[in-house]
Amino acid sequence: MLVLANATLATMADETGGYALTKAAALVIEGDRILWAGPESDLPHPDAPRRDLGGRLVTPGLVDCHTHIVFGGDRAQEFEMRLEGAGYEEIARAGGGILSTVRATRDWDEARLLEAALRRVDHLLAEGVTTIEVKSGYGLDVETELKMLRVARRIGEERKIHVVTTWLAAHALPPKYKDDRAGYIRDVVIKGMDRAHAEGLIDAVDGFCEGIAFSVAEMAQVFDHAASLGLPVKLHAEQLSDLGGAAMAAQRSAISTDHLEYLGADGIAAMAQSGTVAVLLPGAFYTLRETQYPPVQGLRDAGVPIALATDANPGTSPLTSILLTMNMGATLFRLTPAECLTGVTRHAARALGLADRGAIAPGQRADLAIWDIAHPAELTYRIGFNPLHARVFGGEFV
């Protein structure tokens, strides 16, 4: 048993979305769980070993609930070309675009992919992240998709972080199948899903539902197969247009739908009814210089939980800072600082189907971030400033 004393707790346990601040507070950890949290004057175990936190702020460990952090190569040259005026076709002819990432990811072995991914993950750890979601999706063939997920699992072995893995073979259509969409869904997305599930490599199934990717009907087929395996689903939806993917996913009890810039009233209503979390990704919005904002007020009014994530990926969101993501959520999408912190704690955990983290409360995992700040709004307010003092993972200071 360990007591963390002389702290300010932002428990994030308030269903109304506030910080639920408790000053002059303490919490009791037993094993990897929180046993008690509250005013230090009410501490039920006064004789237990204690660690004085010097009045510092304690939040739940942060959760990055949408990343593509395992990949080969980079797209920096493509970024430069785009800023110099090159168009999509010119970049593609020069070997750029998602297929350049696919080629590199296929070429790199697991050791090289892991080494590169860990460098990115370490940036998130340094900012208080204790849980991360990692998607496949840069293989577009079964063996490479499985390779990516094996690497994702190894991240959780190499670092003190919980990794949730997601099958995203329905990310793009490779040239081999350009005239056989049904064959790709059958041979790679569904058969690969079966193999990944049999190997224990996936916790959820995702897809990119958009005019440049997969249709609502195609994703419904994928999700129905996921349901037959008992796997939860989530969806990249309504990023570039409103195809109705979010509503379809919500009707299949999706744990989240993500991006959502073009989400309409029908999609919001379906998500509200199903309890689906809206995951907003300001890094992609910023990188692509989008002008269509996600319907934040509509989501608020309907009571749809809003999460934030980095969307860390080589092409549209080369972002590995959860703190900058929070600032972007406020400055770009007009979320409040409390909504931003809720979006990377309680709501982000919910977007991964994890009920045992995201708040400081009895029974929750003892995943914590301890900060050298007086008020949680500073986490969203500051730019390029990391006040992390310590990270606690499963009751262990790391």
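Residues numbered from 1 in each chain as written. Predicted model: local features only at pLDDT ≥ 70, side-chain atom pairs only at ≥ 80, totals over all residues. Heavy atoms only, no water.

This is how it is decided: UniProt positions are given in the numbering used here, feature names are shortened, and annotations may be inferred rather than shown by experiment.
Looking at an unreviewed UniProt entry, the chain carries the name Imidazolonepropionase, with the source organism given as Paracoccus alcaliphilus. Its UniProt record gives the chain a comment under Pathway (unreviewed entry), which states: "Amino-acid degradation; L-histidine degradation into L-glutamate; N-formimidoyl-L-glutamate from L-histidine: step 3/3." Under the UniProt heading Subcellular location (unreviewed entry), the entry covering the chain gives this text: "Cytoplasm".

### Quick word on the sheet that holds strand β13 (residues 306-308)
Condition: A pair of strands is considered paired only if DSSP assigns at least 2 bridges between the two. What counts as a helix is a DSSP run of H or I of at least four residues, what counts as a strand is a run of E of at least two, and both are numbered from the N terminus. The axes used here are C-alpha line fits, helices contributing only the stretch in contact, and every angle between their N-to-C directions lies in the interval 0 to 180 degrees. Contacts between residues were defined by any pair of non-hydrogen atoms, one from each residue, lying within 4.5 Å.
With respect to topology, 8 strands assemble into an open sheet ordered β6-β7-β8-β9-β10-β11-β12-β13, the strand pairing being parallel. Because the sheet does not close on itself, it has two edges, and the strands there are β6 (62-64) and β13. Ignoring strand direction, the axes of neighbouring strands in this sheet form an average angle of 25°. Two strands pair when backbone bridges link them, and strand β10 (residues 234-237) and strand β11 (residues 256-259) are joined in this way by 4 bridges, in the parallel orientation. Bridge pairing in β11 links Ala-237 to His-259. Lying over the sheet, helix α7 (residues 216-228) contacts β8 (162-170), β9 (204-209) and β10, oriented at roughly 175° with respect to β9.

### Description of the side chain of Glu-145
Rule in force here: The rule is simple: take the accessible area with a 1.4 Å probe, protein chains only, and divide by the maximum for that residue type; under 20% is buried, over 50% is exposed, in between is partly exposed. The positive count covers Lys and Arg only, the negative count covers Asp and Glu only, and His and the chain ends enter neither. Within this document, salt bridges are pairs made up of a side-chain nitrogen of Lys or Arg and a carboxyl oxygen of Asp or Glu, the two lying within 4 Å of each other. Between N or O atoms, a polar contact is any pair within 3.5 Å; within protein, one atom must be a potential hydrogen donor and the other a potential acceptor, and residues adjacent in sequence are included only when both atoms are from side chains.
With respect to the helices, strands and loops of the structure, Glu-145 is situated in helix α5 (residues 142-158). One buried charged side chain, Glu-145, makes no salt bridge at all; its nearest oppositely charged neighbour is Arg-106, positioned 7.5 Å away. Polar contacts involving the side chain of Glu-145 include one to the main-chain amide nitrogen of Tyr-138, which spans 3.5 Å. Among the polar contacts made by the side chain of Glu-145, one reaches the main-chain amide nitrogen of Leu-140 at a distance of 2.8 Å. For Glu-145, the contacting residues outside a window of four places in its chain are Ser-136, Gly-137, Tyr-138, Gly-139, Leu-140, Trp-167, Leu-168 and Ala-169.

### Overview of helix α3 (residues 98-107)
For α3, the set of buried residues is Ser-100, Thr-101, Val-102, Ala-104 and Thr-105. Turning to α3, the residues buried within the fold contact α1 (76-83), α4 (110-125) and α5.

### Let's talk about the UniProt feature "binding site: Fe(3+)" (unreviewed entry) in the chain
Taken from the UniProt record, the annotation "binding site: Fe(3+)" (unreviewed entry) applies to His-66, His-68, His-236 and Asp-311. The largest pairwise C-alpha distance within this set of annotated residues, which runs over 246 residues, is 12.3 Å, so the set is compact in three dimensions. Within the secondary structure, His-66 is located in the loop between β6 and α1. For His-66, a relative accessible area of 0% translates into the label buried. Each residue touching His-66, except ones within four places of it in the same chain, is listed here: Glu-133, Lys-135, His-236, Asp-258, Val-279, Leu-281, Ala-309, Thr-310, Asp-311 and Ala-312. For His-66, the side chain forms a polar contact with the side chain of His-236, separated by 3.3 Å. Turning to its location among the elements, His-236 is positioned in strand β10.

### Focus: the domain arrangement of the chain
Applicable threshold: All the domain ranges listed were derived from an automatic or database domain assignment. By buried area we mean the combined loss of accessible area, with a 1.4 Å probe, across both parts when two parts are placed together.
Along its sequence, the chain is organised into domain 1 (2-61 + 359-397) and domain 2 (65-352). Measuring from the centre of the C-alpha atoms in domain 1 to the corresponding centre in domain 2 gives 30 Å. Here domain 1 meets domain 2 over a buried area of about 2000 Å², counting both sides, of which 59% is carbon and sulfur. Between Glu-396 and Lys-160 there is a salt bridge whose closest N-O contact spans 3.6 Å.

### Re the pairing of strand β7 (residues 129-135)
Across the 7 residues of β7, 7 count as buried, placing the element largely inside the fold. Pairing geometry for β6 and β7, over 3 bridges, is parallel. Counterpart to Val-63 in the pairing with β7 is Thr-131.

### Some words on the environment of Arg-391
Within the secondary structure layout, Arg-391 lies in strand β15 (residues 388-393). Judged by relative accessible area, Arg-391 falls into the buried class, the value being 6%. Sequence-wise, Arg-391 and Ala-213 are 178 residues apart; in three dimensions their C-alpha atoms are separated by 39 Å. With sequence-adjacent residues up to four places away left out, Arg-391 is seen in contact with Leu-125, Gly-128, Val-129, Thr-130, Lys-160, Leu-368, Glu-396, Phe-397 and Val-398. A distance of 2.8 Å separates the side chain of Arg-391 from the backbone oxygen of Lys-160, its partner in a polar contact.

### A closer look at helix α12 (residues 322-333)
Two residues of an α-helix separated by three or four positions point the same way, owing to the 3.6 residues in each turn. Heads up, the rule is: Every helix has an expected span of 1.5 Å times one less than the residues it contains.
Between the first and last C-alpha of α12 there are 15 Å, a value that for 12 residues agrees with the 16 Å anticipated at 1.5 Å per step. For α12, a buried count of 9 out of 12 residues is recorded, marking the element as mostly surrounded by other parts of the structure. Every buried residue of α12 is accounted for by Ile-322, Leu-323, Thr-325, Met-326, Asn-327, Met-328, Gly-329, Ala-330 and Phe-333. Arg-334, located one to two residues past α12, shows a positive phi value of around 65°.

### Concerning the packing of aromatic side chains
The cut-off we apply is this: Ring pairs are drawn from Phe, Tyr and Trp, using the six-membered ring of Trp, whenever the two centres fall within 6.5 Å, and their geometry is named by plane angle: stacked under 30 degrees, edge-to-face over 60, tilted for the rest. Put simply, a charge is over a ring when the Lys NZ or the Arg CZ is close to the ring centre, within 6 Å, and near the line of the ring normal, within 35 degrees.
Tallied over the entire structure, the rule returns 5 aromatic pairs. Relative to Phe-214, the ring of Tyr-184 has its centre 6.1 Å away and its plane inclined at 15°; by these criteria the two rings are stacked. Remark: Phe-214 occurs in the loop between β9 and α7 and Tyr-184 occurs in helix α6 (residues 181-198); sequence separation between them is 30 residues. Comparing Tyr-184 with Phe-214, the two get one shared label, buried. Ring pairs connect the aromatic residues Tyr-177, Tyr-184 and Phe-214, which therefore count as one cluster. A cation over an aromatic ring shows up here: Arg-365 above the ring of Phe-393, its NZ or CZ 4.8 Å from the ring centre. Over the aromatic face of Phe-385 sits the side chain of Arg-382, whose NZ or CZ is 4.2 Å from the ring centroid.

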